[in-house]
Amino acid sequence: MTEDSRSLRASGRPLAVFDLDGTLADTAHRQRFLAGKPRDWDAFFAAAPEDPPLAQGVELALASAQECEVVYLTGRPERCRADTVDWLARQGLPSGRIWMRRNNDRRPARRTKLEVLQDIARKRTIRMLVDDDELVCAEAERAGFTVVRATWADTSEALKDAQEREGRT
C-alpha cells in the first residue's frame, strides 16, 4: 500500500483509522460492475466519485476528530487518489493521511491493511480501526487493535470476494 506524500505527523493525538468503501462511502450504485465476468474494475472505480456518503460512518469520523487524528486506509488503488481526496472534501470529512493499495497489489485486503496498521502502530497510537470487511476486522482484532465494525451498509458478495480473492479493494 502506498500513502500520500505528507509525513505522519507526530502529534500527541491518537489515530482513528477509517476504511472508505462500505464504511464512509456507499458503493451500492456501482456493485453492478462486479456482477459480470470479467468484472469491470475500471468502471467500478470510475464511479466512486458519485458514491453517496454513509451517514453513520461520516458521523463517527467527525466525532472521532474531536479526540483523534482521522486517517484513511483503503483498498482502492493509488490511481484513485485524486478522486478520493475530492470525495472526502465534498463530504466535509477531515483531511487526513490516506494509505492506498499500489495499483498492481492484488493481495487480500486483510493482509495489506494489517501490514499498514502494524507499520503505523510502530510510530503512532491507533485508537481504533473502522472497517466493514469482516476478515480485515478479525485480523486486526487478533493483532490487538480496537475495531469498530461498520455494519451500516449493505454488503455485496461480489465485493467481499473481490476483497479477499482478487485483492482489488
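Describing the pairing of strand E2 (residues 15–18)
Right, on to step 1. Alternating positions in E2 separate into two faces, Leu 15 and Val 17 on one and Ala 16 and Phe 18 on the other, with burial throughout.
Right, on to step 2. Bridge analysis of E2 against strand E3 (residues 69–77) gives 4 bridges, and the strand direction is parallel. Considered in E3, the bridge of Leu 15 is made with Glu 69.

Looking at the packing of helix H4 (residues 109–121) against helix H5 (residues 134–142)
Right, on to step 1. Where H4 meets H5, the axes come as close as 8 Å, and the angle between the chain directions of the two elements is 40°. It follows that H4 is oblique to H5 by the angle criterion. You can see that H4 and H5 cross each other, and the crossing is right-handed. Between H4 and H5, the residues in contact are Ala 109, Arg 110, Lys 113, Leu 114 and Leu 117 and Leu 135, Val 136, Glu 139 and Ala 140, respectively.

Points about the packing of aromatic side chains
Right, on to step 1. Scanning the model with the defined rule gives 3 aromatic pairs in all.
Right, on to step 2. A centroid spacing of 5.5 Å and a plane angle of 80° characterise the contact between Trp 41 and Phe 44, whose relative ring orientation is edge-to-face. In this pair, Trp 41 and Phe 44 both sit in helix H1 (residues 41–46), 3 residues apart, roughly one turn of the helix. The burial state of Trp 41 is the same as that of Phe 44; both residues are buried.
Right, on to step 3. Each ring, one from Phe 44 and one from Phe 45, has its centre 5.1 Å from the other, and the planes form 75°; the classification is edge-to-face. A single burial state applies to Phe 44 and to Phe 45, both of which are buried.
Right, on to step 4. Taken together through their ring pairs, the aromatic side chains of Trp 41, Phe 44 and Phe 45 make up a single cluster.

Structural notes on the nonpolar core
Right, on to step 1. Core analysis: the biggest nonpolar cluster contains 26 residues, and Phe 18, Leu 24, Tyr 72, Leu 88 and Leu 93 have the highest contact counts within it.
Right, on to step 2. Counting residues per element, the ones that place at least two in this core are E2, H1, helix H2 (55–64), E3, helix H3 (81–90), strand E4 (98–101) and strand E5 (126–131).
Right, on to step 3. Take this core: its biggest share by element is 4 residues, from H1.
Right, on to step 4. In terms of nonpolar packing, the next biggest core, distinct from the first, is built from 17 residues, Ala 109, Ile 120, Cys 137 and Phe 145 among them.

Regarding the pairing of E5
Right, on to step 1. For E5, a buried count of 5 out of 6 residues is recorded, marking the element as mostly surrounded by other parts of the structure.
Right, on to step 2. Here E2 runs beside E5; their pairing, made up of 4 bridges, is parallel. Paired with Phe 18 across the bridge in E5 is Val 130.
Right, on to step 3. Pairing geometry for E5 and strand E6 (residues 147–149), over 3 bridges, is parallel.

Rules used in this analysis
Residues numbered from 1 in each chain as written. Predicted model: local features only at pLDDT ≥ 70, side-chain atom pairs only at ≥ 80, totals over all residues. Heavy atoms only, no water. Buried < 20%, exposed > 50% of the residue type's maximum accessible area, 1.4 Å probe, protein only. Helix = DSSP H or I, 4+ residues; strand = E, 2+ residues; numbered from the N terminus. Pairing = 2+ DSSP bridges. Axes fitted to C-alpha atoms, helices over the stretch in contact; angles between N-to-C directions. Parallel < 35°, antiparallel > 145°, perpendicular 65-115°, else oblique. Left-handed = near helix turned anticlockwise from the far one by under 90°. Contact = heavy atoms within 4.5 Å. Phe/Tyr/Trp six-rings, centres within 6.5 Å; stacked < 30°, edge-to-face > 60°. Core = buried A, V, L, I, M, F, W, Y, C linked by side-chain atoms within 4.5 Å.

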